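Chain by chain, the residues run as shown.
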Amino acid sequence: SKSVMSVSLRRGVNLDDHFFGSSGNRKVTDDVVRYVREGGFDNVRLPIQWSKFVHKDDQGKITIDQQFLNKVNDAVLRFLNAGLTVMINVHHFDPLMDDPDNHIQTFAGIWKFVADYFQDYPPNLVFELLNEPRGKLDSDRWNVLIPPTVAIIRATNPTRLLIVGTAEWNGTWTIQKLRLPEDRNIAVTVHYYEPFHFTHQGAEWISGAREWRDTYTDTPEQQKAIQNTFAKVKEWASRNNRSIILGEFGVYVNHTNREQQALWVRRVRETAEMNGFGWIFWELDKGFGVLDGKKQWRQHLLT
């Protein structure tokens, strides 16, 4: 049987930069919750940089900074109380990607603590193991790390839905290499930003991106590229009896053409839905946001 998707993960949105080391005191207010509901989303993904808030005692036992934990917990409760499904993950843990051997213990400790803390929460709180494994944490290393991590979580959360992503930045192309334990309450996530030189045009954090001038005009070839990619993911999912979540897709709005943004978002979203994938848009209110700086809806990204 398929992994149990009794929780609602059809149409979601990511909450960028609320739970990072750099987020300062940004926190989830009633307004944020209202926007998520108003946007017609049934779930919200909270990218969390736990690794910046880790305390280790003399025995190497890991706890999470209390103030930060309170902030995450407060957000989780607000969203759950609003009837939303909430996905929490381990995000921006770059040292784990660069030097897995020296950071696997910390990763395990984070999940032991987080799983223990949230064990009595309702089933519509969902755990995603790790955002975008990459670098030295390649498919082989990641496949080896998945079972013990799942085991740590299962000790306190025997049936909670877990989300496991593919290696190489949650690439669609690495799904063929993914190996999962025999646990039926695991769904798989991939991210999609192709053509990258269109979606990340002008992105200040990527060298050379200012020069990119790619366009998306929804030509038959462009449609086919998206459809073929998703068809391969779907084929793997059917063969392996797993549900798929498109955990991130979006377009950096500052430098791309508005009509083209709308065409791309709609095509990716509809293709995901056609294949039975839940989707989670990147993101609510920053550079890719469905809300602009004045907290007005970018309606063209929603329709």
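Scroll up to find the structure this text is about.
Residues numbered from 1 in each chain as written. Predicted model: local features only at pLDDT ≥ 70, side-chain atom pairs only at ≥ 80, totals over all residues. Heavy atoms only, no water.

Colleague: Got a sec to walk through the overall build of the protein chain? Specific residues and values, please.
Modeller: Counting secondary structure elements, the protein chain contains nine helices and ten strands. Compactness check: the protein chain gives a C-alpha radius of gyration of 19 Å against a globular reference of 19 Å for 303 residues, within 12% of the reference. Along the first, second and third principal axes, the C-alpha atoms of the protein chain reach 55 × 45 × 40 Å. Residue burial in the protein chain is summarised as follows: out of 303 residues, 56% are buried. Contacts in the protein chain between residues at least 24 apart in sequence constitute 74% of all its contacts with a sequence separation of at least 6. Accessible surface computed for the protein chain: about 13300 Å², of which carbon and sulfur atoms make up 49%. (Helix = DSSP H or I, 4+ residues; strand = E, 2+ residues; numbered from the N terminus. Rg over C-alpha atoms; globule rule 2.2 N^0.38 Å. Buried < 20%, exposed > 50% of the residue type's maximum accessible area, 1.4 Å probe, protein only. Contact = heavy atoms within 4.5 Å. Areas by Shrake-Rupley, 256 points an atom, 1.4 Å probe, with all protein chains shown as cover.)

Colleague: Tell me what's going on with the pattern of salt bridges, and back it up with residues and numbers.
Modeller: The final tally for this structure, using the stated rule, is 14 salt bridges. Close ionic contact of Asp101 with Arg141 constitutes a salt bridge, the shortest N to O distance being 2.9 Å. In this pair, Asp101 sits in helix α4 (residues 100-117) while Arg141 sits in helix α5 (residues 139-154), placing the two residues 40 residues apart along the sequence. Taken together, the shared-partner salt bridges in this structure form one network comprising Arg26, Asp285 and Lys295. (Salt bridge = Lys/Arg side-chain N within 4 Å of Asp/Glu carboxyl O.)

Colleague: Break down empty space enclosed by the protein for me, with residues and values.
Modeller: Within the structure shown, the criterion is met by one cavity of 30 Å³ or more. Of the voids in this model, the largest cavity is the one considered here, and its volume is about 40 Å³. Forming the walls of the largest cavity are Phe41, Phe249, Val265, Arg269, Trp279, Phe281, Val290, Leu301 and Leu302. Listed by contribution, the elements that provide at least two residues to the lining of the largest cavity are α9 (258-274) and β10 (278-281). Partitioning the lining of the largest cavity into residue classes produces eight nonpolar, no polar and one charged. (1 Å grid on protein atoms, 1.4 Å probe; cavity = no way out; pocket = protein on both sides within 12 Å on 5 of 7 lines; lining within 4 Å. Points joined across faces, edges and corners; volume = space filled by probe spheres on them. Nonpolar A, V, L, I, M, F, W, Y, C, P; charged D, E, K, R; others polar.)

Colleague: I'd love a proper account of the nonpolar core, names of residues and values included.
Modeller: Counting 81 residues, the largest nonpolar core has Leu46, Trp50, Val76, Phe79, Ile88, Phe118 and Trp142 as the members making the most contacts within it. Here the element with the most residues in this core is helix α2 (residues 66-81); it accounts for seven residues. Excluding residues that lie within four positions of it along the chain, Phe79 makes contacts with Leu15, Val28, Val32, Val33, Val36, Val44, Leu46, Leu84 and Val86. Judged by nonpolar contacts, the second largest core, of nine residues, contains Leu9, Met87, Val126 and Ile245. (Core = buried A, V, L, I, M, F, W, Y, C linked by side-chain atoms within 4.5 Å.)

Colleague: Hey, could you go over the packing of aromatic side chains for me, with residue numbers and the actual values?
Modeller: Across all of its chains, the model carries 20 aromatic pairs by this definition. On the numbers, 5.8 Å between centres and 85° between planes, the contact of Trp50 with Phe68 is edge-to-face. Of the two residues, Trp50 is situated in the loop between β2 (43-46) and β3 (54-56) and Phe68 in helix α2; the sequence distance between them amounts to 18 residues. On the basis of relative accessible area, Phe68 is assigned to the buried category, the value being 4%. With a centroid separation of 5.3 Å and an interplanar angle of 40°, the aromatic rings of Trp111 and Phe127 are classed as tilted. On the criterion of sequence distance, the pair formed by Trp111 in helix α4 and Phe127 in strand β6 (residues 125-128) is long-range, its members being 16 residues apart. (Phe/Tyr/Trp six-rings, centres within 6.5 Å; stacked < 30°, edge-to-face > 60°.)

Colleague: Lay out the sheet that holds strand β9 (residues 244-249) in plain terms, naming residues and giving numbers.
Modeller: Overall, parallel pairing links the eight strands, which are arranged β1-β2-β5-β6-β7-β8-β9-β10 in a closed barrel. Each adjacent strand pair in this sheet contributes to an overall mean axis angle of 25°, direction not counted. Of the strand pairs in this sheet, strand β7 (residues 162-165) and strand β8 (residues 186-192) are connected by four bridges, and their pairing is parallel. Note on β8: the bridge partner recorded for Ile163 is Ala187. (Pairing = 2+ DSSP bridges. Axes fitted to C-alpha atoms, helices over the stretch in contact; angles between N-to-C directions.)

Colleague: Run through the layout of surface pockets, naming residues and quoting values.
Modeller: Size it by volume and the largest pocket reaches roughly 690 Å³. If you go around the largest pocket, you meet 27 residues; those closest to its centre are Glu132, Trp169, His200, Trp205 and Glu248. One number sums up the size of the second largest pocket: a volume of about 220 Å³. What lines the second largest pocket is simply Lys56, Gly60, Lys61, Ile62, Gln105, Thr106, Gly109, Lys112, Phe113 and Asp116. Top contributing element to the lining of the second largest pocket by residue count: α4, with six residues. Here the lining of the second largest pocket is built from residues that sort into two nonpolar, four polar and four charged.

Colleague: Break down the environment of Leu301 for me, with residues and values.
Modeller: On the secondary structure map, Leu301 appears in the segment after β10. Residues Leu301 and Val265 lie 36 residues apart in sequence; the distance between their C-alpha atoms is 6.4 Å. Among all residues touching Leu301, those that are not within four sequence positions of it are Val251, Val253, Gln261, Val265, Arg269, Phe281, Phe288, Gly289 and Val290.

Colleague: Just give me the short version of the environment of Val33, but keep the residues and values in it.
Modeller: Considering the arrangement of structural elements, one finds Val33 in helix α1 (residues 30-38). Of the residues examined, Val33 reaches a relative accessible area of 9% and is grouped as buried. Along the primary structure Val33 and Asp120 are separated by 87 residues, whereas in three dimensions their C-alpha atoms are 22 Å apart. Contact partners of Val33, with chain neighbours within four places excluded, come to Val28, Arg78, Phe79 and Ala82.

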